[in-house]
Structures are given as structure tokens and as C-alpha cells.
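Structural overview
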Amino acid sequence: MNVYLDNAATTKPCAEAIDAINLALAENYGNPSSLHSFGLKAQLAVDNARKIIASALSCEAECVFFTSGATESNNMAIRGIVNAYGKRKPKIITTSIEHASIKETVLELENKGFEVVRISPDKNGEVNPVDILNAADERTCLISMMLVNNENGLILPVEKTFKAVKRRFPDIITHCDCVQGFMKLPVKCNELNADLISLSAHKIHGAKGVGALYIRKGIRVLPIITGGKQEKGIRSGTESVPLIAGFGAAVEKLSDTVKQRYDRVSELKKFLVEKLEELDGGEITFNTSEKCSPYIINVSFEGIRSEIMLHFLEEKGIYVSSGSACSKGAKSGVLEELGVSSKNADSAIRVSITAETTEEELEFFVQAVSQAQKKIIKSK
Ligand code: PLP
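What comes next concerns the included structure. Remember, it's a predicted structure, so these values are computed and weren't measured experimentally.

1. Points about the site of the ligand
Taken together, 14 residues lie around the ligand, and Thr71, Asp177, Gln180, Ser200 and Lys203 are the ones closest in. Residue Thr71 places a side-chain N or O atom 2.6 Å away from an oxygen atom belonging to the ligand. Between the ligand and the protein, one listed contact pairs an oxygen atom with a side-chain N or O atom of Ser200 at 2.7 Å. About the coverage of the ligand: the protein hides 85% of its 400 Å² of free accessible area. In terms of residues, the shell around the ligand owes the most to one element, helix α3 (residues 70-85), which gives 3 residues. The residue makeup of the shell around the ligand, split by class, is 3 nonpolar, 9 polar and 2 charged.

2. Some points on the sheet that holds strand β12 (residues 321-322)
Whenever strands of a sheet pair, they do so through backbone hydrogen bonds, lying parallel or antiparallel. Spatial strand order, β9-β10-β13-β12: 4 strands in an open sheet with antiparallel pairing. Lying at the two open borders of the sheet, with one neighbouring strand each, are β9 (284-286) and β12. Sheet contacts for helix α10 (residues 306-315): β10 (296-301), β12 and β13 (348-352); angle to β13, the most-contacted strand, approximately 45 degrees.

3. What to know about the sheet that holds strand β5 (residues 140-144)
Strands sit in the order β2-β8-β7-β6-β5-β3-β4 across an open sheet of 7 strands; the sheet is mixed. Because the sheet does not close on itself, it has two edges, and the strands there are β2 (64-67) and β4 (115-119). Pairs of neighbouring strands in the sheet enclose a mean axial angle of 20 degrees, with direction left out of account. Two strands pair when backbone bridges link them, and strand β6 (residues 173-177) and strand β7 (residues 196-200) are joined in this way by 3 bridges, in the parallel orientation.

4. Thoughts on the side chain of Asp195
Counting through the fold element by element, Asp195 comes out in the loop between α7 (189-192) and β7. We classify Asp195 as buried; its relative accessible area is 3%. A distance of 2.5 Å separates the side chain of Asp195 from the side chain of Lys166, its partner in a polar contact.

5. Structural notes on the pattern of salt bridges
Within the structure shown, the criterion is met by 21 salt bridges. Bridged by salt links that share partners, the residues Asp47, Arg50 and Glu231 form one connected network.

6. Quick word on a negative patch on the surface
On the surface, a cluster of negative charge is made up of Glu277, Glu278, Glu360 and Glu363. Taken together, the elements giving at least two residues each to the negative patch come down to α9 (258-278) and α13 (359-378). Here Glu278 is to be found in helix α9.

7. A few points about helix α4 (residues 100-111)
The end-to-end C-alpha distance of α4 is 16 Å, a good match for the 16 Å that 12 residues give at a rise of 1.5 Å each. All of the buried residues along α4 are Ala100, Ser101, Ile102, Thr105, Val106 and Leu109. In this fold, the buried residues of α4 make contact with α3, β3 (91-95), β4, β5 and β6. Of the residues one or two after α4, Gly113 is the one with positive phi, at around 115 degrees.

What counts, and where the lines are drawn
- Residues numbered from 1 in each chain as written.
- Predicted model: local features only at pLDDT ≥ 70, side-chain atom pairs only at ≥ 80, totals over all residues.
- Heavy atoms only, no water.
- Near = heavy atom within 4 Å.
- Polar contact = N/O pair within 3.5 Å; in protein donor to acceptor, adjacent residues only side chain to side chain.
- Areas by Shrake-Rupley, 256 points an atom, 1.4 Å probe, with all protein chains shown as cover.
- Helix = DSSP H or I, 4+ residues; strand = E, 2+ residues; numbered from the N terminus.
- Nonpolar A, V, L, I, M, F, W, Y, C, P; charged D, E, K, R; others polar.
- Pairing = 2+ DSSP bridges.
- Contact = heavy atoms within 4.5 Å.
- Axes fitted to C-alpha atoms, helices over the stretch in contact; angles between N-to-C directions.
- Buried < 20%, exposed > 50% of the residue type's maximum accessible area, 1.4 Å probe, protein only.
- Salt bridge = Lys/Arg side-chain N within 4 Å of Asp/Glu carboxyl O.
- Patch = residues over 30% accessible without salt bridge, like charges linked within 9 Å, V, L, I, M, F, W, Y side chains within 5 Å.
- Lys, Arg positive; Asp, Glu negative; His and termini not counted.
- Charge placed at Lys NZ, Arg CZ, Asp CG, Glu CD.
- Expected span 1.5 Å × (residues − 1).

Shown next as C-alpha cells:
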């Protein structure tokens, strides 16, 4: 039995996305910029996906721009805003628990002379809107804050923070990396008070290599990729019609079931937590609280290092992530920022599920953990 529990890393593409991708590859292979009908047909497929994604975000289609994924969307948001507004306002505020695509981008800008303020979670492991508001001032051009943390699932108070910021400083631009929240929690541009929103297709059963950036009307984002002026000049490069069509199909499939799936995944999380709590082979610490998305469960098994557990589980056909490793196995330090002790961070496992995950799969995982505890802890 193969049990895939690493859906925060990537998801299995759904049949609808695969069909849309295949159709575009095999038949709708025109270049959207071509002036003949073949080109027009490809452009219509891109615009159809744009409409579907806009409808999911409750915004106008013209506010959605396709990219190669959320890493590019995040780069485009930060660099594009800083290039447009950063000369007069050289300060960026973000949190200390962002994904590497934000963290590394702001670090590079800091090395170039921008002022970067990174707000850490408080002693409860939560980001406090007041801390962000207190850091904001007239010199701030951008606040970037993720909706759901990719390591422990923490849901950040984006709506509240951005609302307070906009009330006091209407000119500060707000950006939200919604990769781990889109199609899992309600993500609506106006409710979030976000001027920019980053999305990725492969986290929601689309293909890898495609994402989007929502840009509110009137916000100037200077392009970071220049060329043939596709996507209204904001993102040059021939659009990947198949991947974009697949993105649209995946969003369309999930659009009506956000709440239903959230409820189902919450049930699954509860089931998993209860089963793990029943184990008596060693201490277990949940690095996930009530404030976390049920799609991500981060848990530490005392005495078993993450990599050891990961490979033990892999041998049984169970696929999870080590809870604190971010890119290519490098430790991100985010769990420690979230208040997890260094010892627990070293033994953390991230289990990330979908509404299709079954109780049977979770039981299989729990049994394997129990075997690991017996074998690995006892052998020490
Ligand atoms: N932001 C978050 C929160 C993520 O979890 C990820 C992927 O892990 C990304 C951004 C980057 O997305 P992509 O793989 O589409 O570049």
C-alpha cells in the first residue's frame, strides 16, 4: 500500500487537470499571441482559466496574472513593488516564518540597502497584528504575510492585520502568500484586504510549473521578466497553455467544496491526533494548535530524528516530510521561530492530508509509527 501524506509539498494532479492539460498539448497548441484562429483558441483557454481563478478569489479576471509558480509570484510581488515604490519608501515588513521564496528575496533586498523588519510569532507561537502595525510607518512600501504556514499549518491573522494597516496607512501595499490556503480555506481578495496574492497550482491538484499573482487594480507592479509583453506586459514569456488550462480545471473542480473538504479534513485530523495519542511507545508532541489548518499536522516523536522516521516510514510505503526541513533538506528554523524546541524540531514530521485521505491510511501510518518507536527507541 502506498500512503501519500505529503500534500503540502505537492498534490496528485486530478483527472480534470490531466484531461485539460492533455487536450491543450495535443490539440490546442497555438501560441496565444498569434493573430490567427489557432492562437485565439489558445488565448481563450488561458482566459477561461483566468476567469475560473478570478471567480474563486472573487475578483475580476483582469487582476489575475499567470506565472511559473508561487516562487515566481512571490518574487514578482516583492521585487515588482519595491521597483515601483521602493525608492521613496525603502522599508519592507514581513514575518520570520515565511517560505524561502519570500525569505531569500527580502534578504537579497536587505543586502542591497532596503530596511527589512521581520515580525516573529509571540510566545504562543502566533503572529500578533499589533506587532506588524507598530512596525509600519510612512516609509513602508510593502507588508508581506503568508496565510497558512507550510511547516505547521498556522493560520496567520492576515485579514485583521491588513485591515488595521490599511486603516492607518492606506498607501502601504499588502501581499499574501496564499499557497497553502487557497482552495482549502476561504480566500477572497476583498476580505483579506490584500493588494497582491500568490497562488500555486501543484498544491491544489494542478501541475507543477504554473501559478498566479492577483494584482488589485491600480497597484503598479514593475515586471521582473521582460520580453514579448504577454500578460499585459507584467509577465513576459509565452503562456504555458496546457499548465494554465490544468490549473483552471483543478480550481473549477474544488470551487464548490471548500467548506465540505475543510470539515472532512478536520475530522481526519482529529482521528489522527486521537490515534497517535493512544500510542504508548514514547513521548509525542504536536507542533500544531487549534489555530492551524487541519490540512497540516506537525508532530514530534521523542528520540527519533526526523530523517530516521521519514526513511522508516518510506520503507513501509508511507510518504511524509521531515517537519522542519524546507528546501532540499536544509533546516529552515521556522519551527523554532514558532516556539518548537530545537530537540522537538529535530524529530518533527509533517503529515499533510487532503479530503481524499482515508482513516485506513492514517491508521496504517499510526501503526508504522508505533513500530518505529519499538524498533528505533528500544535499539538505543
Ligand atoms: N509559498 C509557500 C507557502 C509554499 O508552501 C510554497 C511551496 O512549497 C511556495 C510558496 C512555492 O511554490 P512553488 O512550488 O509553486 O514555487
